[in-house]
Each structure stands twice: as C-alpha cells, then as structure tokens.
Amino acid sequence: MHRYTGEIDALSREIDASIRERISQPQPLDHPRSLEELTAAAGTTITPGGLGGDEALRIWNEVLAPACVSTDHPANLAFVPAAPTKSSILFDLVVGASSIIASAWIDASGVIYAENQALRWISDLVGLPTEAGGVFVSGGSAANLSAMVTGRHTMQTRREAAGRERPARWKVAASDAVHSSVITACRVMDAEVLAVSVDDRGRMTGPALEAALDAAGAGVDDLFGVVATGGTTNAGIVDDLEGIAEVCSRRGLWFHVDAAYGGAALVSDRTRSLFAGIEHADSVTIDPHKWLFAPFDCAALVYRDPSLARVALAQEASYLDTVTEDREWSPMHYAYHLTRRARGMPFWFSLAVHGTDAYREAVDRVLDITAATAEEIRWRDELELVLSPELSVVLFRRHGWEGSDYDAWSAKLLRDQIGYVLPTTWRGEKVVRMCFVNPETTLDDIRPILDTLRG
C-alpha cells in the first residue's frame, strides 16, 4: 500500500491528467446535491477490499467534485470566495507530496525560511517593525483565537507583576460587526464581549470605543484588549483603526486587527489609506486564501512582538525538549497548534514566481470590477446600492422584494449555473451581497446575474 508500484504509477498519470484538465479549462460553477442523490450515484466507497484507483478517481471526478461549488469560478460571489493562482495550486501538490511537518525548525528549516519571507512581506504591508513575525494557520478563526489568547496572557502577566488579582472573567471590546470567529473565540476563552456601537457605515470608531469604555465604568478593569476589523465580511468596511489604536495605547490595551478578508487591500495604493493605524496593532490576521490568491487553507497571523506569543502559546513536554530549548524559529510556538502542514508554502511559491507587483495589479483589477459593478447597479432602476463599496463587497436591494424573493432568486441563480450569490442582512433588511476577490471576474460575468433581477 505504501510502495510505489505500477498501479500507483498509472494512478499518478491519471491524477496528473485530471489536474491539468481542472486548471486549464473553464470549470462549471457546479452545485450541491442531496444526500439521497449522492448515495445513489456514489454508493459505499469505503470497503474491505478497496475500489481501486480508477474507480475511486471516477467517483471523485463524476460524482463528488460536481457536487461542490467551485470557489474560483468568476461568477462565485458568495461568502468570501477564493481565486488561487495556478502556480499556488500546483505547488500545493508539491507540499502534499513532500511529507513535511512544518512545526519546528529542526524538521522544516527550509519551509520555515520561505514562509517567514512571505510573512515578512505581509508584516511590511502592515507597517510592523523588523522584529515582527508570526505563523501561517488554518484560517482567521485560528488566528484570531491565538492572538486573543496571547493578548490576554500578556495583560494578565502585566497585571500580576503590578500585584493585582486576576479578574473573575476577562473581557474584550469589539463592535457588533466583528467577525463571528471573535465571538466564538470568546466562548472558548470564557471571556465576555464589551459591545461597541458602530456608525452609519458600520465602522467602530475611536470615540465610540472611548464612550463604551467610559460607560463600562469599573468593569473596564477586566478588559484585556480590543478587536478591530480591517474589512468587515458582510460589507467590506474598515474600522477607524487610527482612533482605536490611540485609545488602546492610552489605556494600555492589546490591539488586535482582524483583517482576514480586507487586509489584502493594503497591497493597493488606492485603498491603503483606509487602514491608517493598523501599523500600531499588537497582532494582525490576514488570510491569503481569501484575497491574496492562495489555496485553502492559509491565514497569516503576525505579531508586533512575537516573543509574547511564544510565552503564551509554546507547548512543553519531555519529548519536545529539543524543540522548546532550540532558539530557532518554530511555528508551533506562535499559535495554539502543534502539528501543522506547510500551509504557507503555496502562497510563498506564487509570490516568488509572480512578484509582488503582479499581486498589486491583481488586487487593483478586483477593485476595478467592484467599482464597475456598483456603477452598473446605479443605472438600473429596479436596483439600489445600500452602500458605496469601500473594498470589494457590494450590497444592494431589489425594489419591491421581500426576504423570500431573495432566497428563491439566489437558489434559481445557482441551479441555472448563472452565478453563486447569496443574500445577507443589513440593518434588519435582507439585501443582495456580492464579494469580489477574483481578478478574472468581468462585467460579462456580472451583467447576466443582474439581468435576472429585472422581471
């Protein structure tokens, strides 16, 4: 089973042909199938004797893959899709075939060297100092949780050094528009969220944060930090990072910026100013698998002072003594994980192949199609923009529709293979949401979607 045999050689050629077809040809959008349909078409796939490579690959190509929506399709505008470069997809295969565990320098110094160069580029985009560093984790949820645990541990250490008792329950301040992963992280940490109101565009501002802290009174003593957002998932809005940073600095709070989706816009000169103040953050999350053209799963977590994360998160055990005593950089020390794949390597490879100028041009093309879509919506009488887009999310309403109309339209759109667009809720109203991350998306992809809203 583990040896390279003639059967495996034949299977490798078949998989190679399948991959070449997948990345070279336009792919259908595809759609989910019911459990009953999949059961009828695929049947039992795990058997005592095995199906053999040909049959297992056939089931994947003909049954299972078409039951999954292609995230890199130019008309996929739901959630936050992905548009990995072909080079990153191919190198992901290399990573999988290399059998590398990328947890510690002793095992994977070459991988870590390369990943750290990619992390350095991200840290430079953010504006963090030369000693900044971090790690690639699975996604924004893992990054946000690790950053918040580090922030809490740091504040707790400082509090104990000052001779103060640990609070019964720590708190973190965040707005109503913060990503759901932050709320989940608080549940995992048994921490409370101090809610901060947002302005008309959905931004948390420095004055609003200050007002919330003042209103909390003595309860603010239990606060360890603030989570701001660099591009909300729902509307693509960037918080007042400069104002929030000033409040955090003055009050001695950990400042984390969740820029998992929107942080890619730091690449563009056109949107960089929206993030003024992010350079003051203690930790930042940016997901290359969202808008920096890497395959799933890849999220960058960078710290202003990574030594604080190592103190908070490093795991110790007898069999890990060699690693924990080694002062070389080991990614296992900078998030709550231990085992990790070399998930930053496809991103590094694509950066190395294409160069950072190509990344800037690709992000600018996404901003162009976002602006063009907003303009297209403005002149259609049946449609109305909810907000002018700030990054690459467009929210709009269809006049005369109720919530069920949006749901039925969205389902038919995917069923007809025109596009994958989902409704969302904005201030209690159901509206249409489009999220752009694919530089290959054009108005030829968007107009047929908007045309379906006419009747």
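If you're wondering where the values come from, they're calculated on a predicted model, not measured in any experiment.

**Focus: the sheet that holds strand S6 (residues 283–286)**
Paired through backbone hydrogen bonds, the strands of a sheet run either parallel or antiparallel to each other. Strand order in this open sheet of 7 strands is S1-S7-S6-S5-S4-S2-S3, and the pairing throughout is mixed. Edge positions in the sheet fall to strand S1 (133–137) and strand S3 (192–196), since each of these pairs with one other strand and no more. Strand-to-strand twist of the sheet, defined as the mean angle between neighbouring strand axes without regard to direction, takes the value 20°. Sheet topology places strand S4 (residues 223–229) next to strand S5 (residues 254–258); 5 bridges connect them, and they run parallel. Bridge pairing links Ala-228 to Val-257 in S5. Sitting on the sheet, helix H6 (residues 140–161) touches S1, strand S2 (171–175), S4, S5, S6 and strand S7 (299–303), and the angle it makes with S5 is about 175°.

**Section: the pairing of S5**
Within S5, 5 of the 5 residues are buried, which leaves the element mostly enclosed by the surrounding structure. What you see with S5 is no split at all: Trp-254, His-256 and Asp-258 on one side and Phe-255 and Val-257 on the other are buried throughout. Viewed along the sheet, the connection from S4 through helix H9 (residues 241–251) into S5 turns out right-handed. Bridge count for S5 against S6 is 3 bridges, and the pairing is parallel. Along S6, the bridge assignment pairs His-256 with Ser-283.

**As for the pairing of S1**
Side chains on a regular strand alternate between the two faces of the sheet. For S1, the buried fraction is high: 5 of the 5 residues fall into the buried class. Examined bridge by bridge, S1 and S7 share 5 bridges and lie antiparallel to one another. Counted as the bridge partner of Gly-133 is Tyr-303 from S7.

**A look at unusual backbone geometry**
Look at the link from Phe-296 to Asp-297: it is a cis peptide, with omega at 0°. Along the chain, Asp-297 falls in the loop between helix H10 (288–291) and S7. Despite not being glycine, Asp-30 shows a phi value in the positive range, around 65°. Position of Asp-30 among the secondary structure elements: in the loop between helix H1 (6–24) and helix H2 (35–42). Phi at Gln-417 is positive, roughly 60°, even though this residue is not glycine. Within the secondary structure, Gln-417 sits in the loop between helix H15 (403–415) and strand S10 (422–426). Gln-417 sits in the partly exposed class, given a relative accessible area of 30%.

**Focus on the packing of helix H4 (residues 86–98) against helix H13 (residues 345–354)**
Where H4 meets H13, the closest approach of the two axes is 8 Å, and the angle between their N-to-C directions is 135°. Taken as axis vectors, H4 and H13 run oblique relative to one another. Handedness of the crossing formed by H4 with H13: right-handed. Across the interface between the two elements, Ser-87, Ser-88, Phe-91, Asp-92 and Val-95 of H4 pack against Met-345, Pro-346, Trp-348, Phe-349, Ser-350 and His-354 of H13. Its residues assigned to classes, the contact of H4 with H13 comprises 6 nonpolar, 4 polar and 1 charged.

**Things to note about the nonpolar core**
The tendency in soluble globular proteins is for nonpolar side chains to be buried side by side. Among the nonpolar cores identified, the biggest contains 88 residues, and Trp-121, Phe-255, Trp-291, Phe-347, Phe-396 and Met-434 are the most heavily contacted of them. In terms of residue count, the dominant contributor to this core is helix H14 (residues 356–378) (8 residues). If we skip the residues at most four places from it in the chain, Trp-291 touches Tyr-261, Gly-262, Ala-264, Ala-265, Val-363, Val-366, Leu-367, Leu-391, Ser-392 and Val-437.

**Quick look at the state of the cysteines**
Following the criterion strictly, the structure yields 0 disulfides and no others. No disulfide involves Cys-298; its nearest neighbouring cysteine sulfur is the one of Cys-435, lying 17 Å away. Of the residues examined, Cys-435 reaches a relative accessible area of 0% and is grouped as buried.

**Quick look at the side chain of Thr-85**
Mapped onto the elements, Thr-85 comes out in the loop between helix H3 (53–64) and H4. Given a relative accessible area of 17%, Thr-85 falls into the buried group. Ignoring anything within four residues of it in the chain, the contact list for Thr-85 reads Phe-293, Ser-350, His-354 and Tyr-359.

Criteria and thresholds
Residues numbered from 1 in each chain as written. Predicted model: local features only at pLDDT ≥ 70, side-chain atom pairs only at ≥ 80, totals over all residues. Heavy atoms only, no water. Pairing = 2+ DSSP bridges. Helix = DSSP H or I, 4+ residues; strand = E, 2+ residues; numbered from the N terminus. Axes fitted to C-alpha atoms, helices over the stretch in contact; angles between N-to-C directions. Contact = heavy atoms within 4.5 Å. Buried < 20%, exposed > 50% of the residue type's maximum accessible area, 1.4 Å probe, protein only. Right-handed = clockwise from strand over helix to strand, strands pointing away. Parallel < 35°, antiparallel > 145°, perpendicular 65-115°, else oblique. Left-handed = near helix turned anticlockwise from the far one by under 90°. Nonpolar A, V, L, I, M, F, W, Y, C, P; charged D, E, K, R; others polar. Core = buried A, V, L, I, M, F, W, Y, C linked by side-chain atoms within 4.5 Å. Disulfide = S-S within 2.5 Å.

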